[in-house]
Amino acid sequence: MEAIVSHKNTDFDALASLVAATFLYPSAIPVLPKVLNINVRGFISIHKDRLVFHTHEDIDRANLTRLIVVDANSWSRFEGIEDLGERNALEIHLWDHHRESGDIQATWSCNRPVGATVTLLVSELMGRTTAIPRVEATLFLAGIYEDTGNMTFLSTTAEDARAAAFLLEQGADLNVIKSILRPVYSP
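Residue numbers run consecutively from 1 along every chain, following the written order of its sequence. A pLDDT threshold of at least 70 governs which residues receive local features in this predicted model, and a stricter bar of 80 or more applies before side-chain atom pairs are shown or counted, although totals over entire chains, interfaces and linings include all residues. Hydrogens are left out, water is left out, and the side-chain values use all remaining heavy atoms of the structure.

Novice: Give me empty space enclosed by the protein: which residues, what numbers.
Specialist: For cavity detection a 1 Å grid was placed over the protein atoms alone, and a set of points counts as a cavity when a 1.4 Å probe fits there but cannot get out; an open set counts as a pocket when protein lies on both sides within 12 Å along at least five of seven lines, with lining residues being those that have an atom within 4 Å of a point. Grid points are joined across faces, edges and corners, and a volume is the space filled by probe spheres set on the points. Across all of its chains, the model carries 1 cavity of 30 Å³ or more by this definition. Considering only enclosed or pocket space, the largest cavity measures out at about 60 Å³ in volume. What lines the largest cavity is simply Val5, Ser6, Val31, Leu32, Pro33, His56, Phe78, Glu79 and Ile81. For the lining of the largest cavity, a count of residues per class yields 6 nonpolar, 2 polar and 1 charged. Nonpolar residues are Ala, Val, Leu, Ile, Met, Phe, Trp, Tyr, Cys and Pro. Charged residues are Asp, Glu, Lys and Arg, and all others, Gly as well, are polar.

In structure tokens form, the structure reads like this:
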């Protein structure tokens, strides 16, 4: 069994990374924490028929062979799965953009200084010429926009911009993004 996990208080980058990882790891189940950002909760409720998630109770721990961790590199950011860090035989793939180091000992990792973790996953999907459906492309772009402050944060890179352009080519809907993301600055 394979599972994809992300941090509690899930934001759009974490959610987008969770879903994007399902394209790269099709046999893995996406596991959603109980605590979600309020905007993320709204997005999921609108797309509940399309985006199917599991809870940490659904992980068959006895048969778990690979854990794919996205948008976090420290066990303290998770809920209900922290004990998996103590399993020696567990293969862990880590996708993360955070610059500070964490305590997750991955067997494989992709960690580059980009504005959003989903950028790393989209970059990999671009290399595989994978078509991305419109809803997912919109979600992935929301993840990039949220974590880069609509491409204004200093952590934003050219790779984020290339991923955003690719997602727009895939049909990402900026009107949806405008309605689901909180403004970077209030009036």
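Let's pick the thread back up.
Novice: Requested: an account of the pairing of strand 4 (residues 91-96), with residues and values cited.
Specialist: Counting buried positions along strand 4 yields 5 of 6 residues, so the element is predominantly enclosed. Taken together, the 5 bridges between strand 3 (residues 66-70) and strand 4 define a ladder with parallel strand orientation. Within strand 4, the position partnered with arginine 66 by the bridge is glutamate 91. Relative to strand 5 (residues 108-111), strand 4 runs parallel, the two being bridged by 4 bridges. In the strand pairing of strand 5, leucine 94 is matched with serine 109. Relative accessibility thresholds used throughout: buried, under 20% of the residue-type maximum; exposed, over 50%; partly exposed, between the two (1.4 Å probe, protein chains only). Per the convention used, a helix needs a DSSP run of H or I reaching at least four residues, while a strand needs a run of E reaching at least two, with both numbered from the N terminus. Here, a strand pair is defined by DSSP locating no fewer than two bridges between the strands.

Novice: Could you give me a rundown of the packing of helix 4 (residues 134-148) against helix 5 (residues 158-169), with the residues and numbers involved?
Specialist: Comment: axis = line fitted to C-alpha atoms, over the contacting stretch for helices; angle = value between 0 and 180 degrees taken between N-to-C directions. One can describe the packing of helix 4 onto helix 5 by two numbers: an axis separation of 9 Å at closest approach and a directional angle of 150°. One finds that helix 4 runs roughly antiparallel with respect to helix 5. Note that helix 4 runs across helix 5; the crossing there is left-handed. Two secondary-structure elements touch here, helix 4 through Ala137, Phe140, Leu141, Ile144, Tyr145 and Thr148 and helix 5 through Asp160, Ala163, Ala164, Leu167 and Leu168. Considered class by class, the residues forming the contact of helix 4 with helix 5 number 9 nonpolar, 1 polar and 1 charged. Note on terminology: angles under 35 degrees are roughly parallel, angles over 145 are roughly antiparallel, angles of 65 to 115 are roughly perpendicular, and the others are oblique. Should the near helix be turned anticlockwise from the far one by less than a right angle, the crossing is termed left-handed; should it be turned clockwise, right-handed. For this analysis, residues touch if any pair of their heavy atoms sits within 4.5 Å.

Novice: Residues and numbers for the nonpolar core, please.
Specialist: Core analysis: the biggest nonpolar cluster contains 45 residues, and Trp95, Leu139, Phe140 and Leu167 have the highest contact counts within it. Of all elements in the fold, only helix 1 (12-24), helix 2 (38-46), strand 3, helix 3 (117-127), helix 4, helix 5 and helix 6 (174-180) reach the threshold of two or more residues within this core. The element best represented in this core is helix 1, accounting for 8 residues. Apart from residues no more than four positions distant in its own chain, leucine 167 is found in contact with Val122, Ile132, Ala137, Phe140, Leu141, Ile144 and Ala172. What is meant by a nonpolar core is a set of buried Ala, Val, Leu, Ile, Met, Phe, Trp, Tyr and Cys residues, joined one to another through side-chain atoms within 4.5 Å. One finds Ala3, Val5, Phe78 and Leu84 within the second-largest nonpolar core, a separate group that totals 17 residues.

Novice: Could you give an account of the sheet that holds strand 4, with specific residues and numbers?
Specialist: Taken in spatial order, the 5 strands make up an open sheet running 2-1-3-4-5, and their pairing is parallel. Every interior strand has two partners, whereas the edge strands, strand 2 (29-31) and strand 5, have only one. Each adjacent strand pair in this sheet contributes to an overall mean axis angle of 15°, direction not counted. Pairing between strand 1 (residues 2-5) and strand 3: 4 bridges, direction parallel. Each bridged residue has a counterpart across the sheet, and for glutamate 2 the counterpart in strand 3 is arginine 66. Sheet strands touched by helix 1: strand 1, strand 2, strand 3 and strand 4. Its angle to strand 3, the strand with the most contacts, is close to 140°. Contacts between helix 3 and the sheet are confined to strand 3, strand 4 and strand 5, with strand 4 contributing the most and set at about 105° to the helix.

Novice: Which residues make up the packing of aromatic side chains, and what are the values?
Specialist: To describe a pair of aromatic rings, one takes the distance between the centres and the angle between the planes. Two rings from Phe, Tyr or Trp (for Trp, the six-membered ring) form a pair when their centres sit within 6.5 Å of each other. Planes less than 30 degrees apart are called stacked, planes more than 60 degrees apart edge-to-face, and all others tilted. What the rule picks out here adds up to 4 aromatic pairs. Aromatic pair phenylalanine 12 and phenylalanine 43: ring centres 5.9 Å apart, planes at 85°, arrangement edge-to-face. Here phenylalanine 12, found in helix 1, pairs with phenylalanine 43, found in helix 2; they are 31 residues apart in sequence, far enough to count as distant. Taken as a pair, phenylalanine 12 and phenylalanine 43 share a single burial class, namely buried. Between tryptophan 75 and phenylalanine 78, the aromatic rings sit 5.9 Å apart at their centres with planes inclined by 50°, giving tilted as the arrangement.

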